[in-house]
Amino acid sequence: MSVAPSTVASALTPKASRALGDALNDVPTVSAHRTQAAEALNKSAMPSPSHDRPWKYVDPAALELDGFVPSLGTNPSTDNPTTIEGLSVTPFEEAGREGALGRLGKAVAVNSNRISALHYAFLQNGLLVETKPNTEVPEPVRLTREFNTAGALVTPHTLIVAGDNSRLSIIEEYRSCDEPLAALPVVELLVGPGAVVHYTSLHHWGTKTRVFSEQRAITERDSAVRSLSLVTGGLLVKSHIASSLEGRGSSSELYGLSVGASDEHIDFYTLQDHIAEDTRSDLLFKSALGDRSRAVYYGVTKVGLEGRRSDANQENRNLLLSRSAKADSDPVLEILTNDVARVSHGATAGPVDEEELFYIQSRGLTREGAVELLVRGFLGEPLDRSALVESVRQELNAVIEAKLQALGAEA
Amino acid sequence: MNEASLLEINALHADVAGKEILKGLDLAVRPGEVHAIMGPNGSGKSTLANTLMGNPRYAVTGGEIRFLGDELIGMAPDERARRGLFLAFQYPVAVPGVTVVNFLRQAVNAVRGEEVPVREFREELFAKMELLKVDRDFARRYLNDGFSGGEKKRAEMLQLAMLQPSMAVLDETDSGLDIDALRTVADGVNALMNQDMGLLLITHYQRLLNYIKPQFVHVLIDGRIVRSGGPDLAEELEANGYDSIETAVSSA
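Below, the structure is looked at part by part.

## Comments concerning the overall build of chain A
No. 1: The secondary structure content of chain A amounts to six helices and 21 strands.
No. 2: For chain A, the C-alpha radius of gyration of 21 Å lies close to 22 Å, the compact-globule estimate for 411 residues.
No. 3: With respect to the principal axes defined by its C-alpha atoms, chain A has extents near 65 × 50 × 45 Å.
No. 4: Here chain A holds 411 residues, and the buried ones make up 59% of them.
No. 5: Residue pairs in contact within chain A that sit at least 24 positions apart in sequence constitute 86% of those at least 6 positions apart.
No. 6: Carbon and sulfur atoms make up 48% of the accessible area of chain A, which totals about 15600 Å².
No. 7: Put simply, chain A has 39 plus and 54 minus side-chain charges, and the middle of one group is 3 Å from the middle of the other.

Right, here's the structure in full:
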C-alpha cells in the first residue's frame, strides 16, 4: 500500500482512523484514545509558525502529512531481558484491560493540536515498558523500530512507566527506508517516586523521512530522568522534548546531539518545567553541521510559583563545519519565583575557534588533526554527561564517526 | 650567525591587526641557557611568544627566526612543535570534551612521530604528574575546562614535561599564581631543564626569577630589546621600575 505523497486527497480521515482501529482490534484504552482523536481530527488546527513559537522555523505544512497514508507497519522488535522479574515490555494489543496502559496519554495529550490528534487517531506499534516497584534492570532494554513502507505515516508510541524506586534504562532506535515517509513518534515517561529512568533515542531515519517526535517525562517525588537524543539521519527531524518536574526533589537531565549533512534540518524544542520545589535540571544540546544542513534550537526553562530552590541549567552549542550550514539558537527563561538556587543558560553558534586550533596545533597536531579532535570533543561532551554503558557509548561513537566521515566525503 | 645557537632571532618585525608591535628584535639562545625577557605592558612580550609559535593572527613583516638552523617563519605551528619548540600559554584555551590524558597522548604521538604504547605512556604521565604535584584525576578532566589559574599553568607544565621540547618559551607563567603554586611550577621547570635545552621566560615581574634563575636578562620596550645583562638587571628593574629605562631609551 504505497502511495506517492501529495498526489491524492488526504487519507487521514476520521473514517480511516475507525477502520484502522477495527483492523487492529484495539484494546479499550487505545480505542478510547483513537475515538477521541478521530473526533478531534477535523476540529483541531495545525500549529502555526507565527503563533506557536516552537514552530517558528518549521511550518507544519512542510511535513506534508496529508500526502501519507497509515500502513500496517512492522512491529517493533525488542531485545530485552524479559526474564527479569518486575520488568515487562508489552505491545499495547497484549497489555490488557488493567494496569499501566490506563495511563496512556497522561504525558502527551490526545488533543493538544492536529499533529497529536493524528498520532493517536492512527496509533500503531504501541509498546508499554513497565517496571514494578523496586525493580532494578541491570542492562539497557533495547527497542528497535524500523519502517520500510514508502508513503506511510508511522506512529510508534512508547509508554514507559517506572514503579516506585525502580531503575530502568532504555535505548530506542528508529530507522526507515530512503523512500518518502512521515513519522510521528511519541514517548511518554512516567517516573514513579524515587525511580530513575535513563532513556536514549537514536534517530537514524532514512534520507526522505520527515519526523515530528514528541517526548515528555513527568517526574514524581525524588525521581530522576535522564535522556539523550541522537539525531544522525532524516530529511527533517523535529523533536519536542520536555520534562515536567512535578515531584519535589525530582530531577531531569536532557541531552541532545546531532550531526547534520546535505540539506537535513534538525529542530529541537525543549522544556524544563520546574513545577515543584527543590527540583534540578540540566540540559545540553549540541549540533555539528556540515554541508547545507540547518539546526534550530528553542529551549524554555520555566520555574513556576511553587518552584522554590530550583536549580536549572540550559546550554545549546552549535558548530558550523561548512559555510553553508546554519544554526538558530534561542534559549528562554521564565521564572515566576524569586527564590531559585540557580538558573543559568547559554547558547553559541560558530565555526571551529581559531584560537583553539592554534593552541592544539602548538602541541604538534596538524590543523586537520586539531579540527578532528575539537569536533569529537564537542560531540563527546553530551555523551560523557549521559554516562552511557560502555557498549552503547561505543555504538554511538561509531554512528557519529560514520556520519562525520560522510560529511568529509561530500565537502 | 652563531652555529651553536638553538634559537636565533634577527631583526624581527611583527604586526597585530595592522599595527606594528615588534620593531626589530634580536635574541640568541644557546643550549643550556635560561633567558628572561622583561617588559612593561604593551612592550610586545605576548606578540613575541605568539610569533615564535606561529599564531596566524600575528603577521611577520621582516627579519628571521632560526631554530636549530631552520627558518621558522612561514612554518605551521604544529611543525614548529614537532621540531621541538614549545610555548606555555599565558591564557591556555579550554577544550571541553577532550580529556587531559587523551589530548596529551595525541600530542606526544604527534611530536615523537610514533605511537607510544599505552602502558608506557601512562607510566610516564603518572611520573610527570607526581613531579608537578598534580592529582591523578586531573588526567580525566576536560583540558583547561573550569580549571583555576593555577591548574591551567600546571597543565601547561605537564604538557611541557611530556613533550620534552628542546626550546621552551614560558609566557607570563607566573601571572595568577600564589606563592606556593609558583614554587611548585618553578621546581617542576627546574627539574625539566637540562644542558641540551633552552628556556625563555617572558614576564612582567621579577618574582618568577627568584625561583627560576636566568643567566641572561633582556628588557623589551616598544618592540625592541633595549638592554641586556645578567640577573642583576632584573633586580634593578624590580627596584627602579621600567620608567627609568624607558626614559633613558626615549631620550637616547
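There is more to say after this.
## Thoughts on the interface of chain A and chain B
Quoted interface sizes are often the accessible area lost when the parts come together.
No. 1: Listed as interface residues are 19 residues of chain A and, on the opposing side, 34 residues of chain B.
No. 2: Counting each side, the surface lost to burial between chain A and chain B is near 2000 Å², with a carbon and sulfur contribution of 64%.
No. 3: Among the residues chain A hides against chain B, the three largest losses belong to A:Phe358, A:Tyr359 and A:Arg363. Together they make up 39% of the total.
No. 4: One can count two salt bridges joining chain A with chain B.
No. 5: Residue A:Arg363 is joined to B:Glu156 by a salt bridge in which the shortest nitrogen-to-oxygen separation is 2.7 Å.
No. 6: Going through the elements one at a time, helix H4 (354–361) and helix H5 (367–386) of chain A are the ones with two or more residues in the side of chain A that touches chain B.

## Some thoughts on empty space enclosed by the protein
Residue and element names in this part refer to chain A.
No. 1: Within the structure shown, the criterion is met by two cavities of 30 Å³ or more.
No. 2: The computed volume of the largest cavity comes to approximately 60 Å³.
No. 3: Residue lining of the largest cavity: Tyr174, Pro185, Val187, Tyr199, Ser201, His203, Ser213, Glu214, Gln215, Ser229, Ser239 and Ile241, and that is the complete set.
No. 4: Taken together, the elements giving at least two residues each to the lining of the largest cavity come down to strand S11 (196–204), strand S12 (209–219) and strand S14 (236–245).
No. 5: In terms of residue class, the lining of the largest cavity is made up of five nonpolar, six polar and one charged.

## What to know about unusual backbone geometry
Across the chain, the bulk of peptide bonds are trans and the bulk of non-glycine residues have phi less than zero.
No. 1: Residues other than glycine seldom take positive phi values, yet A:Ser262 does so here, at roughly 40°.
No. 2: Phi angles above zero are rare outside glycine, and B:Glu172 is one such case at about 50°.
No. 3: Counting through the fold element by element, B:Glu172 comes out in the loop between strand S9 (167–171) and helix H6 (179–192).

## Quick look at the pattern of salt bridges
Residues and elements named next belong to chain A.
No. 1: Within the structure shown, the criterion is met by 49 salt bridges over all chains.
No. 2: Salt-bridge contacts for glutamate 172 lead to arginine 145; the nearest nitrogen and oxygen are separated by 2.5 Å. Linking glutamate 172 in strand S8 (residues 167–176) with arginine 145 in strand S5 (residues 141–147), this pair joins segments that are 27 residues apart in sequence. Take glutamate 172 and arginine 145: they sit in the same class, and that class is buried.
No. 3: Measuring nitrogen to oxygen at the nearest pair gives 3.0 Å for the salt bridge that ties aspartate 311 to arginine 342. Linking aspartate 311 in strand S19 (residues 311–320) with arginine 342 in strand S21 (residues 342–350), this pair joins segments that are 31 residues apart in sequence.
No. 4: Take arginine 342: its relative accessible area is 41%, and that puts it in the partly exposed class.
No. 5: Connected through salt bridges with shared partners, the residues Arg248, Glu277, Asp278, Glu306, Arg308, Arg309 and Asp339 form a single ionic network.

## Concerning the sheet that holds strand S6 (residues 85–88) of chain B
Residues and elements named next belong to chain B.
No. 1: With respect to topology, six strands assemble into an open sheet ordered S6-S9-S10-S3-S11-S12, the strand pairing being mixed. The outermost strands of the open sheet, each flanked by one partner alone, are S6 and strand S12 (224–229). For this sheet, the mean inter-axis angle between neighbouring strands, taken without regard to orientation, is 20°.
No. 2: Of the pairings in the sheet, the one linking S9 to strand S10 (residues 198–203) comprises five bridges and is parallel in character. Within S10, the residue paired with methionine 167 across the bridge is glycine 198.

## Quick word on the pairing of S12(A)
Residue and element names in this part refer to chain A.
No. 1: Counting buried positions over the 11 residues of S12 gives nine, a clear majority of the element.
No. 2: The sheet contact formed by strand S9 (residues 181–183) and S12 spans three bridges and is parallel. Residue pairing in the sheet places leucine 181 in a bridge with threonine 209 of S12.
No. 3: With six bridges connecting them, strand S10 (residues 186–191) and S12 associate as parallel partners. Within S12, the residue paired with glutamate 188 across the bridge is arginine 216.
No. 4: When S12 meets S14, the two strands line up parallel, connected through 10 bridges. Along S14, the bridge assignment pairs serine 213 with serine 239.

The rules behind the values
Residues numbered from 1 in each chain as written. Chains lettered and ligands numbered in written order. Predicted model: local features only at pLDDT ≥ 70, side-chain atom pairs only at ≥ 80, totals over all residues. Heavy atoms only, no water. Helix = DSSP H or I, 4+ residues; strand = E, 2+ residues; numbered from the N terminus. Rg over C-alpha atoms; globule rule 2.2 N^0.38 Å. Buried < 20%, exposed > 50% of the residue type's maximum accessible area, 1.4 Å probe, protein only. Contact = heavy atoms within 4.5 Å. Areas by Shrake-Rupley, 256 points an atom, 1.4 Å probe, with all protein chains shown as cover. Lys, Arg positive; Asp, Glu negative; His and termini not counted. Charge placed at Lys NZ, Arg CZ, Asp CG, Glu CD. Buried area = accessible area lost by both parts, 1.4 Å probe. Salt bridge = Lys/Arg side-chain N within 4 Å of Asp/Glu carboxyl O. 1 Å grid on protein atoms, 1.4 Å probe; cavity = no way out; pocket = protein on both sides within 12 Å on 5 of 7 lines; lining within 4 Å. Points joined across faces, edges and corners; volume = space filled by probe spheres on them. Nonpolar A, V, L, I, M, F, W, Y, C, P; charged D, E, K, R; others polar. Pairing = 2+ DSSP bridges. Axes fitted to C-alpha atoms, helices over the stretch in contact; angles between N-to-C directions.

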